[in-house]
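Understanding the architecture of this molecule
One-letter residues, chain by chain:
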Amino acid sequence: MTSTLTKSPPAEPGLKAGLKNRHLSMIAIGGVIGAGLFVGSGSGIAAAGPGILVSYALVGVLVVLVMRMLGEMAAANPTSGSFSAYADRALGRWAGFTIGWLYWFFWVVVLAVEATAGAKILAGWIPAVPQWGWALIVMLVLTASNLASVASYGEFEFWFAGIKVVAIAAFIVVGGLAIFGLLPGSDHPASGFSNLTAHGGFLPHGPGAILTGVLMVVFSFMGSEIVTLAAGESADPQGAVTKATNSVIWRIAVFYLGSILIVVSLLRWDDPAILKDGSYVAALSSIGIPHAAQIMNAIVLTSVLSCLNSGLYTASRMAFSLGGRSDAPASFGRTTGRGVPRTAILASVVFGFVAVAFNYLWPDTVFQFLLNASGAIALFVWLVICFSQLRMRKIIQRESPEKLVVKMWLYPYLTWATIALITFVLGYMLTDTADGGGRDQVVLSTLVALAVVVFALVRERVGRKKNALVSP
């Protein structure tokens with residue numbers, strides 16, 4: 001299949017093909033490994049026991065299917081607007097406008113979350129600088145990197161993602177040796193996989209806990225789609241998208257399922273250390289790795305910086321695409337001589353700084369609202385990708401069938417099955433009535449989405465009336 005690919009220039013004028021193959025490979029891998037894997041997996045294990053593996057597998061299958069659909073469209077038409085541009089073409093301008101701005105909003109809030117998380121770790125190491133100072137420093141450094149050139153972003157992300165990949169690979173190898181008693185110097189009992197069933201069974205809280213686990217882990221997968229935005233700034237966009245789409249299965253299997261399997265095999269699922277110290281720290285400590293907490297803090301910081309770097313890049317490229325389609329100020333769609341959408345980057349980082357300020361000034365009110373209002377947007381994005389692919393397949397087949405180099409499996413049946421699964425997850429979130437839980441996130445995210453849809457439809461109608469008045 002790859003033999004039919006041809007090299008093509010970036011989709012938008014002004015952007016430079018500054019990302020190398022090694023950059024895109026690491027962006028694809030790093031996009032799957034979020035800080036949420038290191039930080040949030042402990043809560044999922046406590047809620048579902050070893051059955052959390054099924055939760056991760058279910059969400060992993062969902063992501064693979066969504067990425068396959070997105071890969072089909074992106075290989076045919078690589079663009080920094082990605083699914084927003086495809087929704088624009090397949091579903092209508094209102095859809096591209098809505099999902100583009102919602103996605104931008106999601107990543108702006110993520111910038112604040114990750115900047116605060118990174119600042120907390122750095123302030124713990126060097127308390128002489130206040131936490132807000134570290135947040136400012138981190139944001140400024142990564143903003144400067146993104147403003148320099150797309151190659152600077154790619155280089156930063158290459159090393160950030162590389163550290164994450166090496167860390168998880170080493171964790172799987174070392175943990176696997178300890179499980180079978182083959183790790184020199186470790187006093188961990190050679191338990192094999194007995195911990196998966198020895199303490200209340202594989203599903204100690206019953207099958208329903210699998211769905212609870214799904215809600216807790218689904219958002220740690222957000223970011224897989226970044227490579228389809230970045231591909232438009234590479235020399236071979238089709239090849240990059242095809243490679244990333246085809247490799248997403250093993251990436252999820254190894255980095256998510258593999259590392260979580262090691263954790264629940266090394267430790268009993270109800271070990272208090274999993275919640276107290278974090279799943280990876282607890283696992284490393286159990287096999288006698290010295291300074292496990294500091295090692296993991298360094299890895300988590302790398303993941304945070306990677307997420308910040310990619311979040312700023314992703315938000316700015318979506319704003320750039322919106323500007324190019326006249327769905328944002330025209331200045332957003334212009335680039336510097338280096339091919340950098342400077343205004344789009346600065347606008348994104350300004351709102352990121354505002355969100356960081358909210359996090360420090362009103363963490364339990366304004367910032368909590370922002371978190372809840374963006375909480376379900378990842379699932380909305382995936383739904384839009386599904387519906388867009390249903391229409392775009394026919395458009396591609398009609399206009400340029402030779403570009404259909406990546407195909408969604410069992411079209412359209414698997415696409416509809418994916419839509420049903422995402423809808424089910426959204427519905428199940430409504431049963432989570434905890435403060436700031438699934439219901440709050442779905443309701444507030446839906447209200448924000450509806451507000452943007454109404455604005456988009458009104459704007460479109462006004463635009464048509466103006467055109468009608470201008471036309472002779």
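This one's a predicted model, so the numbers in the text were calculated from it and none came from an experiment. (Residues numbered from 1 in each chain as written. Predicted model: local features only at pLDDT ≥ 70, side-chain atom pairs only at ≥ 80, totals over all residues. Heavy atoms only, no water.)

1. Some details on the overall build of the protein chain
Regarding its fold elements, the protein chain presents 18 helices and 0 strands. Taken against the 2.2 N^0.38 rule, which gives 23 Å for 472 residues, the C-alpha radius of gyration of the protein chain at 22 Å falls within 12% of a compact globule. In terms of overall dimensions, the protein chain has C-alpha extents of about 85 × 55 × 45 Å along its principal axes. For the protein chain, the proportion of its 472 residues judged to be buried stands at 56%. In the protein chain, of all internal contacts separated by at least 6 residues, the share reaching a separation of at least 24 is 80%. Counting only carbon and sulfur atoms, one obtains 68% of the accessible surface of the protein chain, whose full area is about 19000 Å². A distance of 11 Å separates the average location of the 30 positive side-chain charges in the protein chain from that of its 21 negative side-chain charges. (Helix = DSSP H or I, 4+ residues; strand = E, 2+ residues; numbered from the N terminus. Rg over C-alpha atoms; globule rule 2.2 N^0.38 Å. Buried < 20%, exposed > 50% of the residue type's maximum accessible area, 1.4 Å probe, protein only. Contact = heavy atoms within 4.5 Å. Areas by Shrake-Rupley, 256 points an atom, 1.4 Å probe, with all protein chains shown as cover. Lys, Arg positive; Asp, Glu negative; His and termini not counted. Charge placed at Lys NZ, Arg CZ, Asp CG, Glu CD.)

2. Quick notes on helix α7 (residues 150–179)
The first and last C-alpha atoms of α7 sit 43 Å apart over 30 residues, in line with the 44 Å expected at 1.5 Å per residue. Phi for G181, located one or two positions after α7, is positive at around 70 degrees. (Expected span 1.5 Å × (residues − 1).)

3. Some details on a nonpolar patch on the surface
On the surface, W132, L136, L140, Y360, L361, W362 and V366 cluster together to form a nonpolar patch covering roughly 680 Å² of accessible area. Listing elements by their share of the nonpolar patch, those giving two or more residues are α6 (131–148) and α14 (342–361). Among the elements that make up the nonpolar patch, the one with the highest residue count is α6 (3 residues). Within the secondary structure, L136 is located in helix α6. Residue classification places L136 among the partly exposed positions, given a relative accessible area of 35%. (Patch = residues over 30% accessible without salt bridge, like charges linked within 9 Å, V, L, I, M, F, W, Y side chains within 5 Å. Salt bridge = Lys/Arg side-chain N within 4 Å of Asp/Glu carboxyl O.)

4. A few points about the side chain of T228
For T228, the location among the structural elements is in helix α9 (residues 226–230). In this structure the side chain of T228 is engaged in a polar contact, spanning 2.9 Å, whose partner is the side chain of S82. Residues within four places of T228 in sequence aside, it is in contact with L70, A74, T79 and S82. (Polar contact = N/O pair within 3.5 Å; in protein donor to acceptor, adjacent residues only side chain to side chain.)

5. Overview of the confidence of the model for the protein chain
Taken over all residues, the pLDDT of the protein chain has a mean of 87, while the share at 70 or more is 96%. Here helix α1 (residues 21–32) stands out as the element of the protein chain with the lowest mean pLDDT, 75, in contrast to helix α17 (residues 413–429), whose mean of 95 is the highest. The low-confidence segment residues 1–11 (pLDDT under 50) makes 23 contacts with residues lying over four places distant or belonging to another chain. (pLDDT = per-residue confidence, 0-100.)

6. Examining the nonpolar core
Buried together is how nonpolar side chains tend to be arranged in soluble globular proteins. By size, the foremost hydrophobic cluster in this structure holds 159 residues, and its most contacted members are F83, Y103, V381, W382, I385, I422 and L426. Among the elements that take part in this core, helix α5 (residues 93–125) stands out by supplying 20 residues, more than any other. Ignoring any residue separated from it by four or fewer positions in sequence, one finds W382 in contact with L62, V63, V66, V218, F221, M222, E225 and I422. (Core = buried A, V, L, I, M, F, W, Y, C linked by side-chain atoms within 4.5 Å.)

7. Side note on the packing of α5 against helix α13 (residues 292–324)
The relative placement of two packed helices comes down to the angle between their axes together with the axis-to-axis distance. Closest axis-to-axis distance for the α5/α13 pair is 8 Å, and the angle between their directions is 155 degrees. By the angle between their axes, α5 is roughly antiparallel relative to α13. As α5 runs across α13, the sense of the crossing is left-handed. Here the residues of the contact of α5 with α13 sort into 23 nonpolar, 7 polar and 1 charged. (Axes fitted to C-alpha atoms, helices over the stretch in contact; angles between N-to-C directions. Parallel < 35°, antiparallel > 145°, perpendicular 65-115°, else oblique. Left-handed = near helix turned anticlockwise from the far one by under 90°. Nonpolar A, V, L, I, M, F, W, Y, C, P; charged D, E, K, R; others polar.)

8. Here's the deal with the packing of α5 against α14
Contact geometry for α5 and α14: axes closest at 8 Å, N-to-C directions at 55 degrees. Put simply, α5 runs oblique to α14. The way α5 lies across α14 gives a crossing that is right-handed. Contacts between α5 and α14 involve W104, V108, L111, A112, A115, T116 and A119 from the former and A347, S348, F351, G352, A355, V356, N359 and Y360 from the latter. Looking at side-chain class alone, the contact of α5 with α14 contains 11 nonpolar, 4 polar and no charged residues.

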